[in-house]
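# Coordinates in review
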Number of protein chains: 2
Amino acid sequence: MSTPPFAPRGTKHEIEEGGALEPKFDADGLIVCVTTEHMSGDVLMVAYMNEQALRLTLETGIAHYWSRSRGGLWRKGDTSGQTQTVVEMRTDCDQDAILLAVEAGGDGKACHTGRRSCFYRKVLPGKDGTHLVFTEV
Amino acid sequence: MSTPPFAPRGTKHEIEEGGALEPKFDADGLIVCVTTEHMSGDVLMVAYMNEQALRLTLETGIAHYWSRSRGGLWRKGDTSGQTQTVVEMRTDCDQDAILLAVEAGGDGKACHTGRRSCFYRKVLPGKDGTHLVFTEV
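Let me begin by describing the structure that accompanies this report. (Residues numbered from 1 in each chain as written. Chains lettered and ligands numbered in written order. Predicted model: local features only at pLDDT ≥ 70, side-chain atom pairs only at ≥ 80, totals over all residues. Heavy atoms only, no water.)

## Things to note about the state of the cysteines
All names here are of chain B. One pass over the full model with this rule turns up zero disulfides over all chains. Unpaired in terms of disulfides, C111 finds its nearest cysteine sulfur in C118, a separation of 3.8 Å. You can call C118 buried: its relative accessible area is 8%. (Disulfide = S-S within 2.5 Å. Buried < 20%, exposed > 50% of the residue type's maximum accessible area, 1.4 Å probe, protein only.)

## Points about the pattern of salt bridges
A complete count under the given rule lists 18 salt bridges over all chains for this structure. Ionic pairing is found between K122 of chain A and E88 of chain B, a salt bridge with its closest N-O pair at 3.3 Å. On the criterion of chain membership, the pair formed by K122 of chain A in strand β7 (residues 121-124) and E88 of chain B in strand β5 (residues 84-91) is interchain, its members lying in two chains. Note that R55 of chain B and E51 of chain B form a salt bridge whose closest N and O atoms lie 2.9 Å from each other. Of this pair, R55 of chain B and E51 of chain B both sit in helix α2 (residues 51-60), separated by four residues, roughly a single helical turn. (Salt bridge = Lys/Arg side-chain N within 4 Å of Asp/Glu carboxyl O. Helix = DSSP H or I, 4+ residues; strand = E, 2+ residues; numbered from the N terminus.)

## Focus on the interface of chain A and chain B
Facing the 51 residues of chain A at the interface are 51 residues of chain B. Roughly 4000 Å² of surface becomes buried between chain A and chain B when both sides are summed, with 60% attributable to carbon and sulfur atoms. Of all residues in chain A, F119, R121 and V123 of chain A bury the most surface against chain B, accounting for 16% of the area lost on that side. Linking chain A with chain B are 32 residue pairs in polar contact (both at pLDDT 80 or more), by the criterion used here. Those elements giving two or more residues to the side of chain A that touches chain B turn out to be α1 (12-17), β1 (31-37), β2 (43-49), β5 (84-91), β6 (97-104), β7 and β8 (131-134) of chain A. The dominant element in the side of chain A that touches chain B, judged by the number of residues it contributes, is α1 of chain A, at five residues. Residue composition of the side of chain A that touches chain B, by class: 24 nonpolar, 14 polar and 13 charged. Of the strand pairs in this sheet, β5 of chain A and strand β7 (residues 121-124) of chain B are connected by two bridges, and their pairing is antiparallel. By the bridge assignment, T91 of chain A is partnered in β7 of chain B with R121 of chain B. (Contact = heavy atoms within 4.5 Å. Buried area = accessible area lost by both parts, 1.4 Å probe. Polar contact = N/O pair within 3.5 Å; in protein donor to acceptor, adjacent residues only side chain to side chain. Nonpolar A, V, L, I, M, F, W, Y, C, P; charged D, E, K, R; others polar. Pairing = 2+ DSSP bridges.)

## Section: the packing of aromatic side chains
Under the criterion given, the structure shown has six aromatic pairs over all chains. Both rings, one in F6 of chain B and one in F25 of chain B, keep their centres 6.4 Å apart while their planes meet at 40°; by these two values the pair is tilted. Placement of F6 of chain B in the segment before α1 (12-17) and of F25 of chain B in the loop between α1 and β1 (31-37) is noted, with a sequence separation of 19 residues between them. When its relative accessible area of 21% is taken as the criterion, F25 of chain B is described as partly exposed. Over the face of the ring belonging to F6 of chain A we find R55 of chain A, whose NZ or CZ atom lies 5.1 Å from the ring centre. (Phe/Tyr/Trp six-rings, centres within 6.5 Å; stacked < 30°, edge-to-face > 60°. Lys NZ or Arg CZ within 6 Å of the ring centre and 35° of its normal.)

Right under this line is the structure:
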């Protein structure tokens, strides 16, 4: 299945209340994507998609991203086996963010550090300064 | 309580495995923030913080953002009453994203459209093209 081009951005009302996907890519051609684990609802990671990554995610049902560090398309799991199967995709009011709920393949560790989620540290303020506390070893 | 300045960015290992908050602000001085509803775990919104907003969020326990559209600091709820009390803050592996779990005040509607979450539309691919389906009226 080939996805037609995304609709051009309409009026504020069309973007917020309409039924057309009119994603807003930033100056670098990217849109932010929050990826959650479908079963737990936990936020696994925040990544970015360019138009091609968003299109491929829709067409294949497998999460694709744009790696800003490597400067390339990134089908997550191609090297690690941790492919993400999309259970649900959402967009937000002004359509400048994507929310994915996924089933994580492989060992389910979404983070390149070997952890399930990239958000493995709590930020705790304190009188001696802010510090981080690990929630996943 | 006044928060000391954030630590300068260290090595990759220090950033990923260390106990110091070393947030990475982008070229516009912003860091992306995903805000979830503490009780349900649902993602409510994606917003941005500058250094001042992150500092004030840590100091007060109330979510502060930087409004890109208005170009100003934004203590959410100041006009709407939907103040967000931070239950937990996390950061991710490379410390270029913040995750907040909040208790939403007022009527609990985080979205400016009057909905609980900004992610009130599913994105559905189809042979007639991608379209959006409302999950919250």
